[in-house]
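So you can see what is in the structure, the chains are spelled out below.
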Amino acid sequence: MITIWPQYLNKNLTLKEGRKIAKEYAVADPSLSDIERAAKRLGLQYSVQKDVAYPGKWYEKSGRVLVEWEGTKLELLREVSGEIKNMRN
């Protein structure tokens, strides 16, 4: 299982604030539902945990998505982010 926090994909955050991918791949302010819809469209097995907080922002319950994935975390983040971009166009 690979965890995807919305912060990982947010191009408005710095790497220090939690972004895990390059800004060119990232999207602006991804929501938990954006990530969930992208995972569904990519045909991934996933589960959503809404009432958990990203450790760097423990006071803000942003939620996370747990995804079954065989490749690397970076590959998964790029795939999900790319799908969110496709959905927004």
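Predicted model, so just to flag it, every value in this text is computed and none were measured. (Residues numbered from 1 in each chain as written. Predicted model: local features only at pLDDT ≥ 70, side-chain atom pairs only at ≥ 80, totals over all residues. Heavy atoms only, no water.)

Draft legend 1. Molecular detail of the pairing of strand 3 (residues 64–67). Pairing of strand 1 (residues 2–4) with strand 3, which is carried by three bridges, proceeds in the antiparallel orientation. In the sheet register, Ile2 faces strand 3, and the bridge partner there is Val67. (Pairing = 2+ DSSP bridges. Helix = DSSP H or I, 4+ residues; strand = E, 2+ residues; numbered from the N terminus.)

Draft legend 2. The pattern of salt bridges, seen in detail. Here the structure, examined in full by the defined rule, presents three salt bridges. Put simply, Arg37 and Asp34 hold a salt bridge, and the shortest N to O gap is 3.7 Å. Taken together, the residues span about one helical turn, with Arg37 and Asp34 both in helix 2 (residues 32–41) at a distance of three residues. Residue Arg37 is classed as partly exposed on the basis of its relative accessible area, which comes to 42%. When its relative accessible area of 12% is taken as the criterion, Asp34 is described as buried. Salt-bridge contacts for Glu83 lead to Arg41; the nearest nitrogen and oxygen are separated by 2.8 Å. Residue Glu83 is located in helix 3 (residues 73–88), and its partner Arg41 is located in helix 2; the two are separated by 42 residues in the primary sequence. (Salt bridge = Lys/Arg side-chain N within 4 Å of Asp/Glu carboxyl O. Buried < 20%, exposed > 50% of the residue type's maximum accessible area, 1.4 Å probe, protein only.)

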